[in-house]
Amino acid sequence: MTTLPAPPHSTDRILAGVALMLGFCVTAPLLDVAAKLASDTVPVGQITAARFIVQCALMAPFVWIMRLSLRVPREHWPALLLRALFLFVSTFCFIAAIRVMPLADALAIVFVAPFIVLLVGKFYLGEDVGPRRVGAALVGFVGVLFVIQPSFAAFGTVALFPLGTAVGFAFYILVTRGLSRRVHPVTLQFHTGLIASLLCLPVMILAQGTGAELLDPVWPQGIAWFWLFGVGFFATVSHMMMTYALSLAPSATLAPLQYLELPVATLLGYLVFGDFPNALTLTGIAIIIGSGLYMIHRERVTARQLVTERAAPPI
């Protein structure tokens, strides 16, 4: 009996996943551009709320069209709440940062999140992480210091906001790991938008009239409405692209592509705002990218070793 060759469908799926991840790398920085433009006249808290309200509104029709159930088992609700809370904190900190910082500088610091996930996995969750990957994570933190130093000198404590984003997003990823296999991606995005919106609204109500620069809401004027919609639109599209990319292609194939988001953000920051990283920041960005790519390489090597060990016949 002749063995038929594997159909090309699997290759097509991987190529589609790669295309979607590239789409994420182009679309996600547009969210940052829209948020930075909106921050000229709209407080950070209000932009954050718009991001989640628009996401919830955009996902609702897809939930209905796809006839997905919004019911989630009771034991998953604490994780859903934590996921929304971590993303809310991450988003607020990042918008507060790019209000004054260049996009590339802030985003480079945020890319320390995978290193935080790895270190938390090793030292708190007990995951098997080798010394080389731990070393790469520590080198990545050194790269972050290169980026923070000139930013701190220029912008003060605002330069620390991206670290808040990195920590929040790292724990967002850790919580999402457990939920992604139990809740449909569309339902997950809808509930995250809904819960985060409900978290934002009381903050805005309490901040009304306080004069708090980052929180006191205003009535948007003119094109600010477009930027606020853009924040939610590009956030929703980019995150759905990444979610479906990961369902089509192996994460080991897609992970290196995510670093393309940095040059795209640098280009957009230069074209739209005239910002370009200085030599020290570029050095830090190079260290972060290099450390991240090496960490991904070591994860691939470890995965191949595990496959070989499991395939080896018992003695």
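Residues numbered from 1 in each chain as written. Predicted model: local features only at pLDDT ≥ 70, side-chain atom pairs only at ≥ 80, totals over all residues. Heavy atoms only, no water.

1. Some details on the overall build of the chain
The following threshold applies: Secondary structure elements are defined from DSSP: runs of H or I of at least 4 residues count as helices, runs of E of at least 2 residues count as strands, and each element is numbered from the N terminus. The buried label applies to any residue whose accessible area, calculated with a 1.4 Å probe on protein chains only, is under 20% of its type's maximum; exposed applies above 50%, and partly exposed to all values in between. Contacts are residue-level and defined by heavy atoms, with any inter-residue pair within 4.5 Å sufficient. For the accessible areas, the method is Shrake-Rupley and the probe is 1.4 Å, while residue cover comes only from the protein chains on display.
Looking only at helices and strands, the chain features 12 helices and zero strands. Within the chain, the proportion of its 315 residues that are buried is 46%. Partitioning the intrachain contacts of the chain with sequence separation of at least 6 by distance along the chain shows that 86% fall at a separation of at least 24. A total accessible area of about 16,100 Å² is found for the chain, and carbon and sulfur atoms account for 70% of it.

2. Section: the packing of helix α3 (residues 77-98) against helix α4 (residues 103-110)
Rules: Fitted lines through C-alpha atoms serve as axes, helices being fitted only where they are in contact, and the angles separating the N-to-C directions of these axes extend from 0 to 180 degrees. Working rule for angles: under 35 degrees goes down as roughly parallel, over 145 as roughly antiparallel, 65 to 115 as roughly perpendicular, anything else as oblique. In this scheme, a crossing is called left-handed if the near helix is turned counterclockwise away from the far one by less than a right angle; it is called right-handed if the turn is clockwise. Under the convention adopted here, Pro, Cys and the residues Ala, Val, Leu, Ile, Met, Phe, Trp and Tyr are nonpolar, Asp, Glu, Lys and Arg are charged, and Gly plus all remaining residues are polar.
Interhelical geometry of α3 versus α4 gives an angle of 150° and a closest axis separation of 9 Å. Classed by the angle they form, the pair α3 and α4 counts as roughly antiparallel. Crossing handedness for the pair α3 and α4: right-handed. Side by side, α3 and α4 meet where F94, A97 and I98 of the first sit next to L103, A106, L107 and V110 of the second. Per-class residue counts for the contact of α3 with α4 are seven nonpolar, no polar and no charged.

3. Some points on the layout of surface pockets
Filter applied, for reference: In this analysis the probe radius is 1.4 Å and the grid spacing 1 Å, with only protein atoms considered; a cavity is a set of points the probe fits into but cannot get out of, a pocket is an open set with protein on both sides within 12 Å along at least five of seven lines, and lining residues have an atom within 4 Å of a point. Grid points are joined across faces, edges and corners, and a volume is the space filled by probe spheres set on the points.
Counted as a void, the second largest pocket has a volume near 210 Å³. Together, Q46, A49, A50, I53, V54, M204, V218, W219, P220, W225, L228 and F229 line the second largest pocket. At the level of secondary structure, the elements contributing two or more residues to the lining of the second largest pocket comprise α2 (44-65) and α9 (224-248). Considering every element that reaches the lining of the second largest pocket, the biggest residue donor is α2, with five residues.

4. Describing the packing of aromatic side chains
Quick reminder of the rule: Geometry of aromatic contacts follows a simple scheme: Phe, Tyr and Trp rings, the Trp one being its six-membered ring, pair when their centres are within 6.5 Å, and the pair is stacked under 30 degrees between planes, edge-to-face over 60, tilted otherwise. Only when the NZ atom of a Lys or the CZ atom of an Arg is both within 6 Å of the ring centre and within 35 degrees of the ring normal do we say a charge sits over the ring.
Tallied over the entire structure, the rule returns eight aromatic pairs. Look at Y270 and F276: their rings are 6.2 Å apart centre to centre, the planes differ by 80°, and that puts the pair in the edge-to-face class. Look at F276 and you get exposed, because its relative accessible area is 53%. Three or more aromatic residues joined by ring pairs make a cluster, and in this case those are F229, F233 and F234. The ring of F273 carries the charged tip of K36 above its face, separated from the ring centre by 5.3 Å.

5. Some points on the packing of α3 against helix α7 (residues 161-179)
Taken N-terminus to C-terminus, the directions of α3 and α7 make an angle of 155°; their axes are 8 Å apart at the nearest point. Put simply, α3 runs roughly antiparallel to α7. Crossing angle aside, the handedness with which α3 passes α7 is left-handed. Facing A79, L80, L82, R83, F86, L87, S90, C93, F94, A96 and A97 of α3, the residues of α7 in contact are F161, P162, G164, T165, G168, F169, F171, Y172, V175, T176 and L179. Of the residues assigned to the contact of α3 with α7, the class counts are 16 nonpolar, five polar and one charged.

6. What about a nonpolar patch on the surface?
Counted only if it meets this: Each patch groups residues whose relative accessible area exceeds 30% and which form no salt bridge, using 9 Å between like charges and 5 Å between nonpolar side chains of Val, Leu, Ile, Met, Phe, Trp and Tyr. Put simply, a salt bridge is a Lys or Arg side-chain nitrogen that is within 4 Å of an Asp or Glu carboxyl oxygen.
A cluster of nonpolar side chains, contributed by L267, Y270, L271, V272, F276 and L282, occupies part of the molecular surface with about 610 Å² of accessible area. The dominant element in the nonpolar patch, judged by the number of residues it contributes, is helix α11 (residues 261-273), at four residues. Along the chain, L271 falls in helix α11. Classification of L271 as exposed rests on a relative accessible area of 59%.

7. Some details on the pattern of salt bridges
Across all of its chains, the model carries one salt bridge by this definition. Taking the shortest distance from any N to any O, the salt bridge between E213 and R99 comes out at 3.0 Å. Of the two residues, E213 sits in the loop between α8 (185-207) and α9 while R99 sits in the loop between α3 and α4, which places them 114 residues apart along the sequence.

8. A closer look at unusual backbone geometry
Non-glycine residue R67 carries a positive phi angle of around 55°. Note that R67 resides in the loop between α2 and α3.

9. Some points on empty space enclosed by the protein
All told, the structure shown has one cavity of 30 Å³ or more when counted by the stated rule. Taken as a whole, the largest cavity holds about 30 Å³ of empty space. Lining the largest cavity are P102, L103, A104, A265, T266, G269, Y270, D275, F276 and P277. Of all the elements in the fold, those that place two or more residues in the lining of the largest cavity are α4 and α11. Considering each element in turn, the lining of the largest cavity owes the most residues, four residues, to α11. Partitioned by chemical class, the residues of the lining of the largest cavity number seven nonpolar, two polar and one charged.

10. Some points on the nonpolar core
Going by this rule: Buried Ala, Val, Leu, Ile, Met, Phe, Trp, Tyr and Cys residues form a nonpolar core when they are joined through side-chain atoms within 4.5 Å.
Ranked by size, the top nonpolar core spans 72 residues in total, and within it I47, M101, L118 and I288 carry the most contacts. The element contributing the most residues to this core is α3, with 10 residues. Apart from residues no more than four positions distant in its own chain, I47 is found in contact with A35, A38, S39, V42, I95, L228 and V231. One finds M21, A28, M242 and A245 within the second-largest nonpolar core, a separate group that totals nine residues.

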